[in-house]
Amino acid sequence: MTVAADRQVKDPCAWLCAVTHELAEVHPADTRAVILTVWDGLAAARLAGLYAAAASPRWRARQRHAEAVEFDLAVLLARNCTVATGLAIPARLPGAAVAWPAERADAAVAAVVSFCVTAEAVLRRAGALTPVWEDSLLGPVALTRWLADCWTGRHTGGCPLRLPVPPPPWWR
C-alpha cells in the first residue's frame, strides 16, 4: 500500500527537519535504515519544495530543475530497498494547498538543502562502511549533491521531468 503523505502533513518543513535529524542519527552501517530514511526525507523535501515553488517565481524555476533529480533519486532508492516505506513521493501539491509567504518558502528551501547535505554525508559513510563499496549508493550520493545544487542555483541546466507511462506507484 502506498500512502500519499501530502494529504496528512500539516507542516512539511517541520517534517523535513525531523527526518533530517533522524537521518543524522541513523548508524551508517545500517544501509537499509539509511535508504529508508533518505526516502522519507526525499518525500518531505519534495513537498516542501512544491510549496516553495508555489510561493515564488525564483523557487518555481529552481523546482523545475530539481524535480527530475528528485525523480531519479527516488528511482535509485526504490531499486536499492526492496521493502519500501509505503510513503509516496508527492507529484504535485494537494488541491487545498494554501500559499506560503516568501519567508516560509525560503525556510523550506533552506531545509531541503540541509537535508541534502546530511543525506549526502550519511550515504557516503554508509557506502564506505560496506565490505565492498556498493555502486548502488554512488548514484544517490551524487544525486543528493545535485539536488542541493538545483535549489541553491548552482545547477540550472538539466532535462525536464518526463515520467514513464504509467508513472510508478510511489510517485503520487
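If you're wondering where the values come from, they're calculated on a predicted model, not measured in any experiment.

## Quick look at the packing of helix H1 (residues 12–25) against helix H2 (residues 31–55)
Next up, step 1: Contact pair H1 / H2: the axes reach a minimum separation of 9 Å and the direction vectors enclose 155 degrees. Between H1 and H2, the crossing angle belongs to the class labelled roughly antiparallel. For the crossing formed where H1 meets H2, the hand is left-handed. Across the interface between the two elements, Pro12, Trp15, Leu16, Val19, Glu22 and Leu23 from H1 touch Val34, Thr37, Val38, Asp40, Gly41, Ala43, Ala44, Ala45, Leu47, Ala48 and Tyr51 from H2.
Next up, step 2: Among the residues forming the contact of H1 with H2, the class breakdown is 13 nonpolar, 2 polar and 2 charged.

## Regarding the pattern of salt bridges
Next up, step 1: By the definition in use, this model includes 7 salt bridges.
Next up, step 2: Ionic pairing is found between Glu120 and Arg145, a salt bridge with its closest N-O pair at 3.0 Å. Of the two residues, Glu120 sits in helix H4 (residues 102–129) while Arg145 sits in helix H5 (residues 135–152), which places them 25 residues apart along the sequence.
Next up, step 3: What makes Glu120 buried here is its relative accessible area of 13%.

## Focus on the nonpolar core
The nonpolar side chains of a soluble globular protein tend to be buried, and buried together.
Next up, step 1: Counting residues in hydrophobic clusters, the biggest one holds 49 residues, and the most contacted among them are Leu16, Val38, Ile89, Phe115, Trp151 and Trp170.
Next up, step 2: At the level of secondary structure, the elements contributing two or more residues to this core comprise H1, H2, helix H3 (57–80), H4 and H5.
Next up, step 3: Apart from residues no more than four positions distant in its own chain, Phe115 is found in contact with Leu16, Thr20, Leu23, Val38, Gly41, Leu42 and Ala45.

## Details of the packing of aromatic side chains
Next up, step 1: According to the stated counting rule, one finds 6 aromatic pairs in the structure shown.
Next up, step 2: Each ring, one from Phe71 and one from Trp170, has its centre 5.5 Å from the other, and the planes form 35 degrees; the classification is tilted. Remark: Trp170 occurs in the segment after H5 and Phe71 occurs in helix H3; sequence separation between them is 99 residues. Like Trp170, Phe71 is buried.
Next up, step 3: Between the NZ or CZ atom of Arg58 and the centre of the ring of Trp59, over which it lies, the distance is 3.9 Å.
Next up, step 4: A cation sits over an aromatic face here: Arg104 above Trp100, 4.1 Å from the ring centre.

Conventions and cut-offs
Residues numbered from 1 in each chain as written. Predicted model: local features only at pLDDT ≥ 70, side-chain atom pairs only at ≥ 80, totals over all residues. Heavy atoms only, no water. Axes fitted to C-alpha atoms, helices over the stretch in contact; angles between N-to-C directions. Helix = DSSP H or I, 4+ residues; strand = E, 2+ residues; numbered from the N terminus. Parallel < 35°, antiparallel > 145°, perpendicular 65-115°, else oblique. Left-handed = near helix turned anticlockwise from the far one by under 90°. Contact = heavy atoms within 4.5 Å. Nonpolar A, V, L, I, M, F, W, Y, C, P; charged D, E, K, R; others polar. Salt bridge = Lys/Arg side-chain N within 4 Å of Asp/Glu carboxyl O. Buried < 20%, exposed > 50% of the residue type's maximum accessible area, 1.4 Å probe, protein only. Core = buried A, V, L, I, M, F, W, Y, C linked by side-chain atoms within 4.5 Å. Phe/Tyr/Trp six-rings, centres within 6.5 Å; stacked < 30°, edge-to-face > 60°. Lys NZ or Arg CZ within 6 Å of the ring centre and 35° of its normal.

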